[in-house]
Amino acid sequence: MAAMAAVEAAAGSAGSPLPRLSVALCEAAGGAYGGGEAVSGRVWLEVAAPLAVRALRLEAAGRARAAWSEAACVSGAAAAAAGLEAEVPYLDVRQDLLGRNGEEDLILLEAGKHEFPFSFQLPQQPLATSFTGKYGRIEYCVTATLERPVAPDQTVKREFQVINHIDVNSPALLTPVIRSQEKMVGCWFFTSGPVSLSAKIERKGYCNGEAIPIYAEIENCSSRLIVPKAAIFQTQTYLASGKTKTFRQMVANVRGNHVASGSTDSWNGKTLKIPPVTPSVLDCCIIRVEYSLAVYIHIPGAKKLMLELPLVIGTIPCTAFSSRNCSLASQFGMDMSWLALTLPENPEAPPNYADVVSEEELSRHVPAYPQQIDCEEPLCCPMFAYIQEFRFQPPPLYSEVDPHPVQDRQPVSFMV
């Protein structure tokens, strides 16, 4: 009876300060959890005086939610009321840390700080990466709820990050990406010439903090001054109620030098660093986050010429060996393409110069041979005096038009 009276007194004490409720999560490796990993932590409850509680419950939830309105002036709850809303659950875990579900018995907690550890495992299947966007979000959180007999329930919420790892060492993400395009500047019969652009990146997959080397060729045959630029764009796509909403934003950019009329310019590995952004979200059915590298040319008075190169922002960086191979292959892929050619088993010797000149020129350049010298007779002069003159001239430099026609040439000989 005394215990019951103490519980009722603790439950009815309205003047006591509110208990302090908090949730602490153990730090995940890399700052985020993956599918199949265990999430653990503690719920702290600090009370200044004896407190009667009914239960302390824990709920872990994860979901993706997209919502928007077709009307520009309507958002939030009104958008949900309009029906443009979709939700996909990923996690639902419930635990009783104190008390049991359905029981009405009160529990008396002494004054002080109380600790309630908890642990649960995430589903084994891949989970969508945490993300907060313009018209939706993918979130995972832990909520602790303190139920008391008289006062309203007290809750505290703690969000944790989940990531679906993307390995950029996969063959599909190590493949170089190449695009090219040409645009005629002007309209109708008043054209000023074409502007051509070709761009290439070493691979499709990169990670946060990496610098993307950009290789580009710009040719300006128009009469205008053009400026080449490059930028990384993030595209968010939301699906709800059978409709699609897209939001696109620039996250990084770089600018090149002006290219005058009739000139060309080359980017031999111009770098663009990836800022801290959310990795690509490709496995959620209502929210997608994709990236692209746009290499484009600003043309005054005309629509820009743009090339879109797809990017995948991953979480597992390219290894040093693979990165080196990719870099070498992309940097010298064009210049060293001859390495792919096979050499013949029995290479042919180069032709004799006498076989490739005309007979007329051969006769004009070949002097008459002197009588053969008898090597057994003593020489009456030094050996270098018997050296014959050169038989042929050195091969001429290649030219489409012969700068010295045959009729204008004079026989030339060299005497030692």
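What comes next is a walk through the structure. Being a predicted model, the structure only gives us computed values, none of them experimental.

Under the counting rule described, the total for this entry stands at 6 aromatic pairs. Each ring, one from Y90 and one from Y140, has its centre 6.4 Å from the other, and the planes form 45°; the classification is tilted. Highlighted residues: Y90 in strand β5 (residues 85–98) and Y140 in strand β9 (residues 136–147), separated in sequence by 50 residues. Residues Y90 and Y140 agree in their burial class; the two are buried. Taken together, the ring pairs connect Y33, Y90, F118, F120, Y140 and F160 into an aromatic cluster. Seen from the ring of Y206, R203 lies directly overhead, with NZ or CZ sitting 4.2 Å from the centre.

The next point concerns the sheet that holds strand β7 (residues 112–121). In space, the 3 strands of this open sheet follow the order β1-β2-β7, with antiparallel pairing throughout. The open sheet terminates on both sides in strands that have one partner only, identified here as β1 (20–25) and β7. For this sheet the average axis-to-axis angle between neighbouring strands, irrespective of direction, equals 20°. Alignment of strand β2 (residues 38–47) against β7, held across 10 bridges, turns out to be antiparallel. Its bridge partner being in β7, S40 is matched across the sheet by S119.

With that settled, the discussion passes to the nonpolar core. In a soluble, globular protein the nonpolar side chains are often hidden away together inside. Judged by nonpolar contacts, the single largest core of 79 residues is most densely connected at V43, F120, F160 and L293. Of the residues forming this core, the biggest block, 7 residues, is contributed by β5. Other than its neighbours up to four places away in sequence, V43 contacts L21, S22, V23, L56, L58, L97, H114, E115, F116, F118 and A144. Grouped together as the second largest cluster of nonpolar side chains are 7 residues, I166, L174, C207 and V312 included.

Let us look at the sheet that holds strand β16 (residues 243–255). Pairing within the open sheet is mixed, and its 5 strands lie in the order β13-β19-β18-β15-β16. Two strands lie at the open edges of the sheet, namely β13 (205–207) and β16, each paired on one side alone. Neighbour to neighbour, the strand axes of the sheet diverge by 35° on average, direction disregarded. Relative to β16, strand β15 (residues 227–240) is paired through 12 bridges, and the arrangement is antiparallel. Paired with A231 across the two strands is N253, which belongs to β16.

Our next topic: the environment of Y291. Looking at where Y291 falls in the secondary structure, it is placed in strand β18 (residues 287–298). According to the relative accessible area criterion, Y291 is buried, its value standing at 4%. Once the C-alpha coordinates of Y291 and I232 are considered, the two residues, 59 residues apart in sequence, prove to be 6.9 Å apart. What Y291 contacts, discounting residues up to four positions off in sequence, is I232, F233, Q234, V277, T278, P279, S280, P310, L311 and I313. Within the structure, the side chain of Y291 is placed 2.9 Å from the side chain of Q234, a separation counted as a polar contact.

The next thing to look at is unusual backbone geometry. Of all residues except glycine, most have a negative phi; of all peptide bonds, most are trans. The phi dihedral of S241 falls on the positive side, at around 55°, and the residue is not glycine. By secondary structure assignment, the location of S241 is in the loop between β15 and β16.

Cut-offs used in this document
Residues numbered from 1 in each chain as written. Predicted model: local features only at pLDDT ≥ 70, side-chain atom pairs only at ≥ 80, totals over all residues. Heavy atoms only, no water. Phe/Tyr/Trp six-rings, centres within 6.5 Å; stacked < 30°, edge-to-face > 60°. Helix = DSSP H or I, 4+ residues; strand = E, 2+ residues; numbered from the N terminus. Buried < 20%, exposed > 50% of the residue type's maximum accessible area, 1.4 Å probe, protein only. Lys NZ or Arg CZ within 6 Å of the ring centre and 35° of its normal. Pairing = 2+ DSSP bridges. Axes fitted to C-alpha atoms, helices over the stretch in contact; angles between N-to-C directions. Core = buried A, V, L, I, M, F, W, Y, C linked by side-chain atoms within 4.5 Å. Contact = heavy atoms within 4.5 Å. Polar contact = N/O pair within 3.5 Å; in protein donor to acceptor, adjacent residues only side chain to side chain.

Spatial relationships are all this shows, so hold off on functional conclusions.
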